[in-house]
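Residue-level structural notes
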Amino acid sequence: MLPSYQAIDREAGHIHKMITDEEFQDLLQQLVETSNCIKDGWFLDTVRDDSTCMPPPVTTANSTQTIHYEYHIIYNASYAVPVMYLNVLNSCGQRLSLDEVWEMCPDTFQPYLKDNKWTILTQQEHPILGIPFLMLHPCHTADLMTQVTKGSNSETTHKRNYLVTWLSTIGPMVGLKLSDQYATSTNSQKEVPSFHENQMQVIT
């Protein structure tokens, strides 16, 4: 029997990486513990028994405007993977349109967004708060994690690194960069792909 965080794609002939809700909760706790150690601001919040993980809001500025990012990390039971919900606001507190956020994604992601943007970054109702948020769609996550964890020494290592690897891979698309210290901390137990630098929070 396959581990709970894997499922077979019979056409592609390979295993997609998934996690259970229980595993997700454990990974959130691990992330927040690391954040507390490095004073990075991630926190857990629980609303009606639903857990959400959030980094502290991120603010960036360019020559024309200041942008405020708010991120929520939530478990999606249908896809058995984590999902990122986000709000992107200007300095007046107005939400940026989906088109504006697509345009703000780094150049390295633009060729992929050009053909796939509606299945990558879309607008959805927040499943806990019930208000509009942008969402990085979970339909590609299992396949993505299959690709980025190729060569991982063990399933145990993969599962331990799952959340940090996922955030480090998809976060930069929407302005979120994870501190290298998360990789170092997880790696005290071993091996993780390369990471970027930033802050985060967690809600349960």
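These numbers come from a predicted model, not from an experiment.

With that out of the way, let us pick up the overall build of the protein chain. A count of helical and extended segments in the protein chain gives six helices and 10 strands. Burial statistics for the protein chain: of 204 residues in total, 46% are counted as buried. Considering only contacts within the protein chain whose residues lie at least 6 apart along the sequence, 56% involve residues at least 24 apart. Of the roughly 10500 Å² of accessible surface on the protein chain, 48% is carried by carbon and sulfur atoms.

This part is about empty space enclosed by the protein. In the structure shown here, the tally under the stated rule is one cavity of 30 Å³ or more. Looking at the largest cavity, its volume works out to about 50 Å³. Within the residue set of the lining of the largest cavity, elements represented by two or more residues are strand S7 (81-89) and strand S9 (132-136).

The next point concerns the confidence of the model for the protein chain. With 75% of its residues at a pLDDT of 70 or more, the protein chain shows a mean pLDDT of 77. With pLDDT under 50 throughout, residues 189-204 is counted as low confidence; its partners more than four residues away or in other chains account for 97 contacts.

Let us look at helix H1 (residues 21-38). Taking 1.5 Å as the rise per residue, H1 with 18 residues should run 26 Å; its terminal C-alpha atoms sit 26 Å apart, in good agreement. Of the positions making up H1, those classed as buried are Glu23, Phe24, Leu27, Leu28, Leu31, Val32, Thr34 and Ser35. Backbone geometry just downstream of H1 places lysine 39 in the positive-phi region, at approximately 55 degrees.

Proteins that are soluble and globular tend to have nonpolar side chains buried together. Core analysis: the biggest nonpolar cluster contains 43 residues, and Trp42, Met84, Leu121 and Leu167 have the highest contact counts within it. Mapped onto this core, the elements with two or more residues apiece are H1, strand S6 (66-76), S7, helix H2 (98-104), S9, helix H4 (141-148) and helix H5 (155-170). A per-element tally of this core places H5 first, with six residues. By size, the runner-up hydrophobic cluster in this structure holds six residues, among which are Ile74, Val83, Tyr85 and Ile128.

Tallied over the entire structure, the rule returns three aromatic pairs. Measuring from ring centre to ring centre gives 5.9 Å for tyrosine 69 and tyrosine 71, while their planes differ by 0 degrees; the resulting arrangement is stacked. There is no split in this pair, since tyrosine 69 and tyrosine 71 are both buried. On the numbers, 4.8 Å between centres and 85 degrees between planes, the contact of tryptophan 102 with tryptophan 118 is edge-to-face. Taken together, the residues span a long stretch of sequence, with tryptophan 102 in helix H2 and tryptophan 118 in the loop between helix H3 (110-116) and strand S8 (121-125) at a distance of 16 residues.

A word on the layout of surface pockets. The volume enclosed by the largest pocket comes to roughly 350 Å³. Elements that contribute at least two residues to the lining of the largest pocket include exactly H4 and H5. In terms of residue count, the dominant contributor to the lining of the largest pocket is H4 (four residues). By volume, the second largest pocket is sized at about 240 Å³. Every residue lining the second largest pocket is counted, 14 residues in all, and those nearest its centre are Thr60, Tyr69, Met104, Val174 and Gly175. Among the elements of the structure, strand S5 (58-61), S6 and H2 are those that each provide at least two residues to the lining of the second largest pocket. Here the residues of the lining of the second largest pocket are counted per class, giving 10 nonpolar, three polar and one charged.

It is worth spelling out the sheet that holds S6 at this point. Reading across from one edge, S5-S6-S7-S9-S8 is the order of the five strands in this open sheet, with antiparallel pairing throughout. Looking at strand neighbours, the two that pair on one side only are S5 and S8, the edges of this open sheet. Averaged over neighbouring strand pairs, the angle between their axes works out to 35 degrees when direction is ignored. Relative to S6, S5 runs antiparallel, the two sharing four bridges.

The rules behind these values
- Residues numbered from 1 in each chain as written.
- Predicted model: local features only at pLDDT ≥ 70, side-chain atom pairs only at ≥ 80, totals over all residues.
- Heavy atoms only, no water.
- Helix = DSSP H or I, 4+ residues; strand = E, 2+ residues; numbered from the N terminus.
- Buried < 20%, exposed > 50% of the residue type's maximum accessible area, 1.4 Å probe, protein only.
- Contact = heavy atoms within 4.5 Å.
- Areas by Shrake-Rupley, 256 points an atom, 1.4 Å probe, with all protein chains shown as cover.
- 1 Å grid on protein atoms, 1.4 Å probe; cavity = no way out; pocket = protein on both sides within 12 Å on 5 of 7 lines; lining within 4 Å.
- Points joined across faces, edges and corners; volume = space filled by probe spheres on them.
- pLDDT = per-residue confidence, 0-100.
- Expected span 1.5 Å × (residues − 1).
- Core = buried A, V, L, I, M, F, W, Y, C linked by side-chain atoms within 4.5 Å.
- Phe/Tyr/Trp six-rings, centres within 6.5 Å; stacked < 30°, edge-to-face > 60°.
- Nonpolar A, V, L, I, M, F, W, Y, C, P; charged D, E, K, R; others polar.
- Pairing = 2+ DSSP bridges.
- Axes fitted to C-alpha atoms, helices over the stretch in contact; angles between N-to-C directions.

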